[in-house]
Amino acid sequence: TMLEKLWLLPEREVDPSAALALLCSSAAAVVVWKWLGKRQIQKKMEDARRTRDEGLKKMAKIVQQFREQVPSVQTDAILSLPLLELTGRLREGSLSPKTVLYTYLEKALEVTQQTNCLRHFIPECEEQLQEIQQQEEKGLLYGIPISIKDHIGHKGHLLTCGLVQCLGTVAQEDSVLVKVLKKQGAIPFAMTNVPQSLFNYDCSNPIFGQTLNPFNHQKSPGGSSGGEGALIAGGGSILGIGSDIGGSIRLPSSFCGLCGLKPTAERLSLSGVSGPVNGILAVPCALGPMARDVDSLALCMKALLCQEMFQLDPTVPPIPFNEEVYSSSAPLRVGYYDTDGYFPLPPCMRRALQETRGALQAAGHQLVPFSPPRIHYVMTELFLKTFFADGGRAWLDVFTGDIVDPSLKSQVNDCKIPRLGKKLLSLILKPLFPRLADYLSALAGMRYGGTVPRDVYKNERYLL
């Protein structure tokens, strides 16, 4: 039989030198393959940086030509105007949109040289300049140069999220938000830098590098809307659009001395806005304005909450800006707390809270202290365990074929710990570092089939 014939085959001794050669060649092939992969990543990053730098040089030449044509422009006077006054001057014609645009382009070049806050200029801003001058009606943001965060879609430009794998993702059309801004006469002129994957309170990625705080280059501008924070605080933009899930507008605004608003989620359209991880329903992203004062935020929201947005994106509730409520001077009843019992409050924030409370009381408003209920449960069960329901797997996947930024390595390494290791570390650290233990426990993820607490589905139906 065939089996008997096989048994009769002569035995051959394995040549050790041949086996060693095979092993060495296999190892060499793996090393070469990895080297080629890293080289390809490096080339993509170099190409992206070269494109960015060429764009900056082209814009610098355009600005220089304008300065030579109109040498009498009073740059400092224009840059010092608050948004409301600037819009008034533009609408009445005492300032031209062209003068304002090139003034801010020049200042943005200066700020990004100091802080590395720009990811790319939008050269189509010159076309938009021509278009708004032909519009019959002047929108609420007529002639206002505006900066947008990296992942907010603008036709013909990348949506990188600071990731190499996104360097080929070019927006095929403007996001709804950009369309509405243009309809209102605004001129998007720059896209700003972000941290890798947007999931960081710093602002650094391996492609475009670290963004610095304009007031102190040894400090961070915050994240993830750090490029916006640095550009606006440095004077290179008067109004910007950021995004926020867990502080990404609020932290850069705080770090850079700005005003920022995180509206209710889905108040502004997310159509055409990119994100590294899809399907996060429990902790939704919100777009919002960043500026130097509250009046600017209000004007931006008035401009965005219009019929144009409601028609372009039917998922946005068609609720316009309520001017009557905003302008009312009627006394308000304001609830406040100085600690939630979970996050420690630093002295600077405690002082800011006290000053705000005093100012509101002096204005005739009633301040009512209260204690937020069940914050520990909200943070561990509703936030962390739903955000990391897969143990961070979806987030880790975005780094495939990429170089992890140094500022994110500790977080990435935490996610890579085996599930059992996370559980054991959580148990060991619980008595000493309870919040860290909660974080590691959440990172362990839920078992397939789900271990979501029943009252999450019972009481928090929006999570579904």
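Residues numbered from 1 in each chain as written. Predicted model: local features only at pLDDT ≥ 70, side-chain atom pairs only at ≥ 80, totals over all residues. Heavy atoms only, no water.

By the naming in an unreviewed UniProt entry, the chain is Fatty-acid amide hydrolase 1, taken from Calidris pygmaea. UniProt annotates the chain under Sequence similarities (unreviewed entry) with the comment "Belongs to the amidase family." (UniProt positions renumbered as here; feature names shortened; annotations may be inferred.)

## Regarding the sheet that holds strand S7 (residues 259-260)
A sheet is described by the order of its strands in space; here 6 strands give the open sequence S1-S3-S2-S6-S8-S7, paired in mixed fashion. Single-partner strands in this sheet number two, and they are strand S1 (118-121) and S7. Pairing of strand S2 (residues 145-149) with strand S6 (residues 239-244) involves 2 bridges; the strand directions are parallel. The residue bridging Ser-147 from the neighbouring strand is Gly-240, located in S6. (Pairing = 2+ DSSP bridges. Helix = DSSP H or I, 4+ residues; strand = E, 2+ residues; numbered from the N terminus.)

## Focus on a nonpolar patch on the surface
There is a patch of nonpolar side chains on the surface, built from Leu-420, Leu-424, Leu-427 and Ile-428 and spanning about 460 Å² of accessible area. Residue placement: Leu-420 occurs in helix H17 (residues 419-429). (Patch = residues over 30% accessible without salt bridge, like charges linked within 9 Å, V, L, I, M, F, W, Y side chains within 5 Å. Areas by Shrake-Rupley, 256 points an atom, 1.4 Å probe, with all protein chains shown as cover. Salt bridge = Lys/Arg side-chain N within 4 Å of Asp/Glu carboxyl O.)

## Comments concerning the packing of H17 against helix H18 (residues 434-443)
Relative orientation of the contacting elements H17 and H18 amounts to 165 degrees, with a least axis distance of 8 Å. As summarised for this structure, H17 and H18 are arranged roughly antiparallel, according to the angle between their axes. As for the relative orientation of H17 and H18, their crossing is left-handed in sense. Every residue of H18 that contacts H17 at Lys-422, Lys-423, Leu-425, Ser-426 and Leu-429 is listed here: Pro-434, Leu-436, Ala-437, Leu-440, Ser-441 and Leu-443. A per-class count over the contact of H17 with H18 returns 7 nonpolar, 2 polar and 2 charged. (Axes fitted to C-alpha atoms, helices over the stretch in contact; angles between N-to-C directions. Parallel < 35°, antiparallel > 145°, perpendicular 65-115°, else oblique. Left-handed = near helix turned anticlockwise from the far one by under 90°. Contact = heavy atoms within 4.5 Å. Nonpolar A, V, L, I, M, F, W, Y, C, P; charged D, E, K, R; others polar.)

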